[in-house]
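# Notes for the structure review
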Amino acid sequence: MAIVPDQGKPHSKRPSPSEVDVGNTSSNVDPRQLGDIQDDDERLLARIGYRQELRREFTRWSTVSYAVSILGVLGSQPATYGVPISLGGPATAVWAWFIGSIMAYIIASSVAELVSAYPTAGGMYFVTKHVVPPEHVAIWAWVIGWCNFLGQAAGVASLAYTIGQMILAGASMNSQYADGTYAYAPTSVQTVLVALLTLMVFGIVCSLTTKALHRMVLWFAPINVLASISICIALLVLTPDKRSAKFVFTQITDDSGWGNKGFSFLLGFLNVAWVMTDYDGTTHMSEETHDAAIRGPLAIRLAVIVSGVLGWMLNITFGFCLTESYVEDIVNSPTGLPVAQIFLNAGGRSGGTAMLFFVILVQFMTGASAMLANARMTYAFARDEALPFSSFWSKINPITGTPVNAVWFVAVFCGCLNLIGLGSTQTIYAIFNLCAPCLDLSYIAVIFAHLVYSGKVQFVEGPFTLGRISKPMNVLAISWVLFISVVLFFPTSKPVTATNMNYAIVVAGFVGTFSLGWWWAGARKKYTGPRTQDIMHLVTGEDTEQSSSDPI
């Protein structure tokens with residue numbers, strides 16, 4: 001995909017970090033002797049306009065593992081598997097995932113191209129500064145930044161909540177079973193309490209040093225992949241009564257009440273949309289990654305491919321393991337979690353609990369990874385004076401070398417979101433449903449600006465570029481996100497009542513009104529967008545002549 005752009009394309013091409021000139025050296029001296037890749041990354045960050053504050057410990061493999069873990073298919077896909085099969089049948093789950101994964105790769109590739117040029121903790125939020133005319137940067141960056149932050153926060157809160165659901169579902173299926181019900185039935189209060197405890201553990205993990213996080217994250221992807229394959233094999237071997245291939249691949253139903261199989265199929269995209277998002281999560285770790293301009297985009301695209309294949313495999317396997325009356329037996333399982341019932345049917349209590357344990361473990365890894373990205377976004381946002389008490393939230397802890405204050409800001413904020421579940425399950429689900437639309441819309445807003453203002457704003461390309469297919473893929477990504485976001489805001493069933501109403505659109509309207517209201521009330525007088533500085537003189541050995549000829 002690293003295609004050289006056409007000569008006529010109005011873009012400049014920046015060298016990769018490893019190609020950055022390290023100063024005036026004689027011809028018989030190897031420039032690499034004057035600084036390793038970490039120094040080159042620091043020079044690139046200085047050229048962008050930020051001082052290196054975080055420690056670069058993430059390597060190629062930990063970056064890829066992190067990218068795979070933040071999608072966390074084995075944890076997140078089972079959490080929402082009940083949606084597509086309850087609305088459109090098993091084939092909806094299979095083919096919605098297949099199509100959604102292809103579209104996710106297109107969106108991710110478009111994101112990767114932009115963040116390759118400007119690998120910072122702000123991710124796509126920061127890219128706004130270099131795709132929008134200077135006079136419009138502040139309002140664009142403000143809206144996109146808040147959209148990205150809130151989308152990530154909704155994702156972290158929902159991950160903690162689903163972990164609570166999974167843990168309590170495990171407790172339920174291990175309690176006494178009689179007359180079609182389990183002796184233990186989780187309550188909303190218990191689910192929220194477990195979610196809050198989970199967020200605390202997330203916060204502790206994300207407060208570790210970058211080196212410790214690197215060592216931990218290295219294991220995330222292998223566990224995800226191996227556990228997914230093992231569970232699929234176990235289910236296919238242990239499930240006594242499996243469905244036919246025709247049932248799995250062709251059974252599409254209209255159980256949404258909208259009176260149209262096609263629309264019921266589209267509603268099934270909620271599963272893949274919720275899982276396959278947060279593509280720029282990896283880029284929020286850019287300032288802690290060696291050679292981030294190259295490794296970040298590679299990890300993003302590779303993670304979508306790996307997760308797409310694993311998710312499709314899981315959907316197919318779950319389809320074969322459904323019962324003939326799966327709506328009553330699986331969707332309405334007394335465990336409260338359809339996949340938990342599939343595990344229980346195949347492996348009994350012990351086997352089902354073992355499989356559910358690995359799902360919870362992977363979901364925990366996904367949650368910790370998501371909070372890490374959200375915390376780095378908070379750090380970047382506060383660094384640019386976009387939050388109240390920004391100097392406190394952007395402070396780097398002298399012991400860990402990480403933005404610990406930003407971590408606990410995210411933990412507390414997500415805890416407040418989960419507390420809403422004590423009063424209204426519908427409202428908290430609406431907030432969770434904002435995750436995918438908020439994130440994806442924040443991505444395509446930047447992509448759209450890049451297309452619209454390409455002739456007015458100079459964009460210095462990074463090492464990864466889509467070349468000739470860049471614009472077609474950008475247009476396709478924008479079109480898909482706009483289309484699927486409208487679908488995801490629809491109620492999933494009809495007739496629409498106060499109970500089944502999709503309140504995500506209401507919450508989205510509130511968030512948009514709050515963000516713009518805050519902007520016009522006073523934020524516009526203080527916030528100017530990403531606050532970069534000319535700090536090239538602080539980088540030893542940097543060629544100032546090259547710096548002036550290669551604008552950022």
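Residues numbered from 1 in each chain as written. Predicted model: local features only at pLDDT ≥ 70, side-chain atom pairs only at ≥ 80, totals over all residues. Heavy atoms only, no water.

With that out of the way, let us pick up the overall build of the protein. A count of helical and extended segments in the protein gives 23 helices and 4 strands. Of all 552 residues assigned to the protein, the portion counted as buried reaches 58%. Put simply, of all contacts in the protein between residues at least 6 apart along the chain, 84% involve residues at least 24 apart. (Helix = DSSP H or I, 4+ residues; strand = E, 2+ residues; numbered from the N terminus. Buried < 20%, exposed > 50% of the residue type's maximum accessible area, 1.4 Å probe, protein only. Contact = heavy atoms within 4.5 Å.)

Bringing unusual backbone geometry into the picture now. The omega torsion across Lys-494 and Pro-495 is 5°, close enough to zero to call that bond cis. Within the secondary structure, Pro-495 sits in the loop between α21 (470–488) and α22 (504–526). For Glu-385, which is not glycine, the phi torsion reads 65° and is therefore positive. Its place among the elements puts Glu-385 in the loop between α16 (338–383) and α17 (390–393). One non-glycine residue, Phe-389, lies in positive phi territory at about 55°. With respect to the element layout, Phe-389 can be found in the loop between α16 and α17. According to the relative accessible area criterion, Phe-389 is exposed, its value standing at 66%.

Attention now goes to empty space enclosed by the protein. Taken as a whole, this structure holds 6 cavities of 30 Å³ or more when the rule is applied. Estimated volume of the largest cavity: approximately 140 Å³. Around the largest cavity sit 16 residues that line it, and Ile-70, Gly-155, Leu-159, Trp-274 and Cys-435 are the ones nearest its centre. Of all elements in the fold, only α2 (60–71), α7 (137–173), α13 (269–275), α16 and α20 (435–452) reach the threshold of two or more residues within the lining of the largest cavity. For the lining of the largest cavity, the element with the most residues is α7, which contributes 5 residues. In terms of residue class, the lining of the largest cavity is made up of 8 nonpolar, 7 polar and 1 charged. Size it by volume and the second largest cavity reaches roughly 100 Å³. Gly-100, Ala-273, Tyr-279, Asp-440 and Trp-480 are, among the 13 residues lining the second largest cavity, the residues nearest its centre. Broken down by secondary-structure element, the contributors of at least two residues to the lining of the second largest cavity are α5 (90–117), α13 and α21. Tallying contributions element by element places α5 first for the lining of the second largest cavity, with 4 residues. Among the residues forming the lining of the second largest cavity, the class breakdown is 11 nonpolar, 1 polar and 1 charged. (1 Å grid on protein atoms, 1.4 Å probe; cavity = no way out; pocket = protein on both sides within 12 Å on 5 of 7 lines; lining within 4 Å. Points joined across faces, edges and corners; volume = space filled by probe spheres on them. Nonpolar A, V, L, I, M, F, W, Y, C, P; charged D, E, K, R; others polar.)

For the coordinates displayed, the defined rule picks out 43 aromatic pairs. Seen from their ring centres, Trp-142 and Trp-146 are 6.0 Å apart, and the 65° between their planes marks the pair as edge-to-face. Residue Trp-142 and its partner Trp-146 are located together in helix α7, separated by 4 residues, close to a single helical turn. The two residues Trp-142 and Trp-146 agree in class, both being buried. Cation over ring: Arg-383 sits above Tyr-50, and NZ or CZ is 3.7 Å from the ring centre. (Phe/Tyr/Trp six-rings, centres within 6.5 Å; stacked < 30°, edge-to-face > 60°. Lys NZ or Arg CZ within 6 Å of the ring centre and 35° of its normal.)

Right, let's get into the pattern of salt bridges. In total, this model carries 6 salt bridges according to the counting rule given. A salt bridge links Glu-57 to Lys-211; its shortest N-O distance comes to 3.4 Å. You can see Glu-57 sitting in the loop between α1 (37–48) and α2 and its partner Lys-211 sitting in helix α9 (residues 210–217), a full 154 residues away along the chain. By relative accessible area, which is 21% here, Glu-57 ends up partly exposed. (Salt bridge = Lys/Arg side-chain N within 4 Å of Asp/Glu carboxyl O.)

This next bit is on the nonpolar core. Within the largest apolar cluster, 167 residues are counted, with the highest numbers of intra-cluster contacts made by Leu-235, Tyr-279, Phe-343 and Met-371. Top contributing element to this core by residue count: α16, with 21 residues. Setting aside residues no more than four positions away along its own chain, Leu-235 makes contact with Thr-317, Phe-318, Cys-321, Ile-342, Phe-343, Ala-346 and Met-355. Counting residues in hydrophobic clusters, the runner-up holds 6 residues, among them Leu-54, Tyr-379, Ala-380 and Ala-406. (Core = buried A, V, L, I, M, F, W, Y, C linked by side-chain atoms within 4.5 Å.)

Once that is clear, we can look at the side chain of Gln-341. As for its placement among the helices and strands, Gln-341 is situated in helix α16. Polar contacts involving the side chain of Gln-341 include one to the side chain of Ser-333, which spans 2.7 Å. When near neighbours in sequence (up to four residues on either side) are disregarded, Gln-341 contacts Tyr-182, Asp-329, Ile-330, Ser-333, Pro-334 and Thr-335. (Polar contact = N/O pair within 3.5 Å; in protein donor to acceptor, adjacent residues only side chain to side chain.)

Attention now goes to a nonpolar patch on the surface. Taken together, Leu-197, Met-200, Val-201, Ile-204 and Trp-408 make up a surface patch of nonpolar side chains, about 470 Å² in accessible area. Considering each element in turn, the nonpolar patch owes the most residues, 4 residues, to helix α8 (residues 188–206). Inspection of the secondary structure puts Met-200 in helix α8. (Patch = residues over 30% accessible without salt bridge, like charges linked within 9 Å, V, L, I, M, F, W, Y side chains within 5 Å. Areas by Shrake-Rupley, 256 points an atom, 1.4 Å probe, with all protein chains shown as cover.)

Moving on: the environment of Ala-430. In this fold, Ala-430 is placed in helix α19 (residues 425–432). Separated by 77 residues in sequence, Ala-430 and Val-507 place their C-alpha atoms 6.9 Å apart. Setting aside anything within four residues of it in sequence, one finds Ala-430 in contact with Tyr-503, Ala-504 and Val-507.

Compared with the 40 Å implied by 1.5 Å per residue over 28 residues, the 41 Å span of α5 between its first and last C-alpha is a close match. The element α5 is extensively covered by neighbouring structure, given that 24 of its 28 residues are classed as buried. (Expected span 1.5 Å × (residues − 1).)

Another point: the layout of surface pockets. Size it by volume and the largest pocket reaches roughly 1,200 Å³. Looking at the largest pocket, it is lined by 42 residues, and the ones nearest its centre are Ala-79, Val-83, Gln-165, Leu-270 and Tyr-429. Listed by contribution, the elements that provide at least two residues to the lining of the largest pocket are α3 (73–80), α4 (82–88), α7, α8, α13, α19 and α21. Here the lining of the largest pocket is built from residues that sort into 21 nonpolar, 21 polar and no charged.

Any functional reading would require information that these geometric values do not contain.
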